[in-house]
Amino acid sequence: ARLVSNTSFYSRNQHSISDYTQFLRTIYVSNPFPPRGAAGSAFFTDTQNNFYQELRLASVDSNSHLSWNTGIFFARLNENSTEYEKDLTLDSEYLAATGTPFCTPDVPCPNGIVYYQPYARVIDRQLAGFGEISIQLLASLKATLGVRVARVQYTGQSEGGGRDGPGAPLFGNASGSETPVTPKAVLSWQPDRNNLLYASAAKGYRVGGTNVDYGQTSACGPDLVALGIVAGADGLLHSPTQYKSDS
């Protein structure tokens, strides 16, 4: 047998700016044609530091009717994103169009900041074991069976607020875990070196994650009840703070 170790580290630091001038005025002033001098910008950052490690043990006899591999996998993914929206004239334009101010003492817009998200961090951890075995049934017929079992944990923390958002600062802090089991089976027939026919069945998964609790909600109440969401400790329905895998 042969033991192989694979180690990987991925680091990313991204910055971007988007023009929100037309977007903000279309939503709040119902005018898709911004006046001269209007300018709305959204500033984004995204930072990732991801670590991966895999140890794999595999058979090496190519003449054997039986081949196999097994191993363990570990990953820790750490991502944080920020966003700030700035528009210096939206407040006065909104006041002129509606007669009421866009920014208020309760939800101010300091230096034109209409939305702020100083952090939105997600940390995913995964530890998995896997194994696969292939049997040469006939010279041209091979069957393969495999399974992977993982333990996944994720945590999300965030803060967001501002007039183009939830208003007052809204904090998110949620976590969850899953144990996905993903089997596979393959039957392949290779009558000659140029042709291969196979049938396969496998189960995949996409890990869940966290949401921000936007507080009591009435508009989506019936839908939340239909999905099995129950009232919180305060007796009120809240938006769910996590979602599970869709597999």
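The structure we're discussing is the one just above.
What you see is a predicted model; the values in this text were computed from it and never measured. Here the residue numbers are simple positions, counted from 1 along each chain's written sequence. Whole-chain, interface and lining totals are the exception, using all residues; otherwise, since this is a predicted model, local features are given only for residues with pLDDT of at least 70 and side-chain atom pairs are given and counted only at 80 or more. Values reported for side chains reflect all heavy atoms of the structure, with hydrogen atoms and water molecules removed beforehand.

Draft legend 1. Structural view of the nonpolar core. Throughout this description, the term nonpolar core refers to a set of buried Ala, Val, Leu, Ile, Met, Phe, Trp, Tyr and Cys residues connected via side-chain atoms within 4.5 Å. Burial classes follow relative accessibility: with a 1.4 Å probe on protein chains only, a residue under 20% of its type's maximum area counts as buried, one over 50% as exposed, and anything between as partly exposed. Ranked by size, the top nonpolar core spans eleven residues in total: Y20, L24, Y28, V29, A42, L90, Y94, F102, C103, C109 and V114. Helical segments are the DSSP runs of H or I of at least four residues, strand segments are the runs of E of at least two, and each set is numbered from the N terminus. Mapped by element, the contributors of at least two residues to this core are α1 (21–28) and α2 (90–98). Any two residues having at least one pair of non-hydrogen atoms within 4.5 Å are treated as being in contact. Non-local contacts of V29, meaning those with residues more than four positions away in its chain, are made with L24, L90, E93, Y94 and A97.

Draft legend 2. A look at the pattern of salt bridges. Whenever Lys or Arg places a side-chain nitrogen within 4 Å of a carboxyl oxygen from Asp or Glu, that contact is recorded as a salt bridge. This structure, assessed with the given rule, holds five salt bridges. With its nearest N and O atoms 3.9 Å apart, the salt bridge here joins D46 to R12. Of this pair, D46 sits in strand β2 (residues 40–58) while R12 is found in strand β1 (residues 2–19), placing the two residues 34 residues apart along the sequence. Here R25 and E93 are joined by a salt bridge, their closest N and O atoms 2.7 Å apart. Of this pair, R25 sits in helix α1 while E93 is found in helix α2, placing the two residues 68 residues apart along the sequence. The class for R25 is buried, based on a relative accessible area of 1%. Shared partners join several salt bridges into a network, and the residues in it are R25, D87 and E93.

Draft legend 3. Just the packing of aromatic side chains, in detail. The criterion for an aromatic pair is that two Phe, Tyr or Trp rings (for Trp, the six-membered ring) have centres within 6.5 Å, with stacked assigned to planes under 30 degrees apart, edge-to-face to planes over 60 apart and tilted to the rest. Enumeration according to the criterion identifies five aromatic pairs in this entry. Ring geometry for Y20 versus F23: centroids 5.0 Å apart, planes at 65 degrees, classification edge-to-face. Among the residues examined, Y20 registers a relative accessible area of 17% and is labelled buried. For the pair Y28 and F102, a centre-to-centre distance of 4.8 Å together with 70 degrees between the ring planes defines the contact as edge-to-face. Of this pair, Y28 sits in helix α1 while F102 is found in the loop between α2 and β4 (113–136), placing the two residues 74 residues apart along the sequence. F102 carries the same exposure label as Y28, and that label is buried. Put simply, the rings of Y20, F23 and F44 touch in pairs and so form one group of aromatic residues. Positioned above the aromatic ring of Y94, the side-chain terminus of R163 is 5.7 Å from the ring centre. Sitting over a ring, as applied to charges here, requires NZ of Lys or CZ of Arg to be within 6 Å of the ring centre and within 35 degrees of the ring normal. One Lys or Arg, R163, reaches over the ring of F102 and ends 4.3 Å from the middle of that ring.

Draft legend 4. Expanded view of the packing of α1 against α2. Running from N to C, α1 and α2 cross one another at 25 degrees; their axes reach a closest spacing of 11 Å. Classified by the interaxial angle, the pair formed by α1 and α2 is roughly parallel. As α1 packs across α2, the resulting crossing turns out to be right-handed. Of the residues in α2, those in contact with L24, R25 and Y28 of α1 are L90, E93 and Y94. The class makeup of the residues in the contact of α1 with α2 is four nonpolar, no polar and two charged. In this analysis an axis means a line fitted to C-alpha atoms, helices contributing only their contacting stretch, and an angle means the value between N-to-C directions, from 0 to 180 degrees. Small angles under 35 degrees read as roughly parallel and large ones over 145 as roughly antiparallel, with 65 to 115 read as roughly perpendicular and the rest as oblique. By definition, turning the near helix anticlockwise from the far helix through less than a right angle yields a left-handed crossing, and turning it clockwise yields a right-handed one. Gly falls in the polar group here, along with every residue not listed as nonpolar (Ala, Val, Leu, Ile, Met, Phe, Trp, Tyr, Cys, Pro) or charged (Asp, Glu, Lys, Arg).

Draft legend 5. View of the layout of surface pockets. Of the volumes computed, that of the largest pocket is approximately 220 Å³. Using only the protein atoms, space was sampled on a 1 Å grid; points where a 1.4 Å probe fits but cannot get out form cavities, open sets with protein on both sides within 12 Å along at least five of seven lines form pockets, and lining residues are those with an atom within 4 Å of a point. Considering the residues around the largest pocket, the lining is formed by 17 residues, among which L77, E79, V122, D124 and G208 are closest to the centre. Within the residue set of the lining of the largest pocket, elements represented by two or more residues are β2, β3 (66–87), β4 and β9 (209–210). With five residues, the single largest contributor to the lining of the largest pocket is β3. Grid points are joined across faces, edges and corners, and a volume is the space filled by probe spheres set on the points.

Draft legend 6. Structural detail: the pairing of strand β5 (residues 141–162). When DSSP locates at least two bridges between a pair of strands, those strands are taken to pair. In this structure, β4 lies alongside β5, joined through 19 bridges in antiparallel fashion. Within β5, the residue paired with D124 across the bridge is Y154. Counted between consecutive antiparallel strands, the loop separating β4 from β5 contains four residues. Examined bridge by bridge, β5 and strand β7 (residues 181–192) share nine bridges and lie antiparallel to one another. Across the sheet, the residue bridging to L145 is A185, located in β7. Summarising the sheet, β5 and strand β6 (residues 167–178) pair through ten bridges and their orientation is antiparallel. Paired with S158 across the two strands is G172, which belongs to β6. Connecting β5 to the antiparallel partner β6 that follows it, the hairpin turn spans four residues.

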